[in-house]
Amino acid sequence: MISTTCTVCPHCGWPDGGEPFQVLSRHTTATGRTEWTRCGCGSLQVRVVDGGGMRVVSRSGPASGSAPARSGTASR
Ligand SMILES: [Zn+2]
């Protein structure tokens, strides 16, 4: 797993503290909110925002060309 301690995207250098390239969805939680964002390089990020500020808790690799949300077509 990629370390999330750095404050910039390891793939393209986009600052985590800056404006997200694209906000995919935003969910309110008991302690704040969770945001799913996409970086300029296509990397998905899960950000948690609470009283202590924002932090990136999960980060995927850059876009590899396969959409994870695809469904229905099983290749056989
Ligand atoms: Zn990036």
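Residues numbered from 1 in each chain as written. Predicted model: local features only at pLDDT ≥ 70, side-chain atom pairs only at ≥ 80, totals over all residues.

> How do you make sense of the pairing of strand β4 (residues 53–59) when you look at a structure like this?
Each regular strand carries side chains that alternate between the two faces of the sheet. As judged from the 6 bridges shared by strand β3 (residues 44–50) and β4, these two strands associate in the antiparallel manner. Each residue of the ladder has a partner; that of Val48, found in β4, is Arg55. Count of turn residues in the β3/β4 antiparallel hairpin: 2 residues. (Pairing = 2+ DSSP bridges. Helix = DSSP H or I, 4+ residues; strand = E, 2+ residues; numbered from the N terminus.)

> Help me understand the sheet that holds β3 in this model?
Strand pairing in a sheet relies on backbone hydrogen bonds. The paired strands run either parallel or antiparallel. Across the sheet, 4 strands lie side by side as β1-β2-β3-β4; this open sheet has antiparallel pairing. Looking at which strands have only one partner, the edges of the open sheet turn out to be β1 (22–28) and β4. Along the sheet, successive strands turn relative to each other by an average axial angle of 25°, direction set aside. (Axes fitted to C-alpha atoms, helices over the stretch in contact; angles between N-to-C directions.)

> How do you make sense of the pairing of β3 when you look at a structure like this?
In this structure, strand β2 (residues 32–38) lies alongside β3, joined through 7 bridges in antiparallel fashion. Paired with Arg38 across the two strands is Leu44, which belongs to β3. Counting the residues in the hairpin turn of β2 and β3 gives 5 residues, including Gly42, whose phi is positive at 100°.

> How should I be thinking about the confidence of the model for the protein chain in this particular structure?
Low-confidence regions, as indicated by low pLDDT, have predicted coordinates that should not be scrutinised in detail. Mean pLDDT over the protein chain: 82, with 75% of residues reaching 70 or higher. Of all the helices and strands in the protein chain, β4 carries the lowest mean pLDDT, 90, while β1 carries the highest, 96. (pLDDT = per-residue confidence, 0-100.)

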